[in-house]
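Below, each chain spelled out in residue letters.
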Amino acid sequence: MIGIVVTGHGHFATGLASSVKLIAGVPENFVPVDFEEGDSSEDLAKKLTNAFDSLSNCEDGILVFTDLVGGSPFKISAELSVTQKDKYHLAILSGSNLGMVIEANMSRQFITDLNQLADSTVETGKDQVIHYVYSESKNDEPADDEDGI
């Protein structure tokens, strides 16, 4: 099974984890890692390393969700994916949203290739972002109960 780590600024990770639990039940092999005020980059690297170690039973790899491209959670996750590549098999995603995390959590039961799951999850994330614009219905046809006159 593929493990999941969610990380981001503030309580982004635990907030998403709470929402996943509410919507889809308690996820297995799922670790939230918050980058809290007062944490240093070294603190976050240690938290992430501990999370990865706790998922050592996830032989298919670990999918890491981060909040912002270029932010510390993303940069440190990316650095660890390179410097610790012999220890961890990681795929890093950024710009994560709840739909992506839920989709990946459910899909990893069927998709065992880490990169395939990562790519599929990115597409889900793109599909989840929309611009809703309300428009009133313009029905030019008379209703059935009208005489049409």
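Please read these numbers as outputs of a predicted model, since none were measured by experiment. (Residues numbered from 1 in each chain as written. Predicted model: local features only at pLDDT ≥ 70, side-chain atom pairs only at ≥ 80, totals over all residues. Heavy atoms only, no water.)

### Structural notes on the UniProt feature "domain: PTS EIIA type-4" (unreviewed entry) in the protein
Mapped onto the present numbering, the UniProt feature "domain: PTS EIIA type-4" (unreviewed entry) falls at residues 1-129. Between the C-alpha atoms that bound residues 1-129 the distance is 28 Å, and the span itself is 50% helix and 17% strand. (UniProt positions renumbered as here; feature names shortened; annotations may be inferred. Helix = DSSP H or I, 4+ residues; strand = E, 2+ residues; numbered from the N terminus.)

### Let's talk about the nonpolar core
In terms of nonpolar packing, the biggest core is built from 20 residues, with Val 6, Phe 30, Leu 63, Phe 65 and Val 101 touching the most fellow members. Of all the elements in the fold, those that place two or more residues in this core are strand 1 (3-9), helix 1 (12-24), strand 3 (62-66), strand 4 (90-93), helix 4 (98-107) and helix 5 (114-128). What Leu 63 contacts, discounting residues up to four positions off in sequence, is Ile 2, Gly 3, Ile 4, Val 5, Ala 91, Leu 93, Ala 104, Leu 114, Leu 117, Ala 118 and Thr 121. Judged by nonpolar contacts, the second largest core, of 16 residues, contains Val 5, Val 31, Phe 52 and Tyr 88. (Core = buried A, V, L, I, M, F, W, Y, C linked by side-chain atoms within 4.5 Å. Buried < 20%, exposed > 50% of the residue type's maximum accessible area, 1.4 Å probe, protein only. Contact = heavy atoms within 4.5 Å.)

### Re the pairing of strand 3
The buried fraction of strand 3 is high, at 5 of 5 residues. Residues Ile 62, Val 64 and Thr 66 of strand 3 are buried on one face, and the alternating residues Leu 63 and Phe 65, pointing to the opposite face, are buried as well. Note that strand 1 and strand 3 share 5 bridges and pair parallel. In the strand pairing of strand 3, Gly 3 is matched with Ile 62. Relative to strand 4, strand 3 runs parallel, the two sharing 4 bridges. Across the sheet, the residue bridging to Leu 63 is Ala 91, located in strand 4. The β-α-β motif built from strand 3, the intervening helix 3 (residues 72-83) and the parallel element strand 4 has right-handed crossover chirality. (Pairing = 2+ DSSP bridges. Right-handed = clockwise from strand over helix to strand, strands pointing away.)

### Topic: the packing of helix 1 against helix 4
It is the contact of helix 1 with helix 4, at a shortest axis distance of 10 Å, that shows an interaxial angle of 55°. Judged on the interaxial angle alone, helix 4 and helix 1 are oblique. Helix 4 is crossed by helix 1, and the crossing has right-handed handedness. Contacts between helix 1 and helix 4 involve Leu 16, Ser 19, Val 20, Ile 23 and Ala 24 on the former and, on the latter, Leu 98, Val 101, Ile 102 and Asn 105. (Axes fitted to C-alpha atoms, helices over the stretch in contact; angles between N-to-C directions. Parallel < 35°, antiparallel > 145°, perpendicular 65-115°, else oblique. Left-handed = near helix turned anticlockwise from the far one by under 90°.)

### A closer look at the packing of helix 2 (residues 41-54) against helix 3
It is at 10 Å that the axes of helix 2 and helix 3 come closest, and there the two elements cross at 55°. With respect to helix 3, the axis of helix 2 lies oblique. Judged by the sense of rotation from one axis to the other, the crossing of helix 2 with helix 3 is right-handed. Residues Ser 41, Leu 44, Ala 45, Leu 48, Thr 49 and Phe 52 of helix 2 lie in contact with helix 3, whose contacting residues are Ser 72, Pro 73, Ile 76, Ser 77 and Leu 80. Considering only residue class, the contact of helix 2 with helix 3 consists of 7 nonpolar, 4 polar and no charged. (Nonpolar A, V, L, I, M, F, W, Y, C, P; charged D, E, K, R; others polar.)

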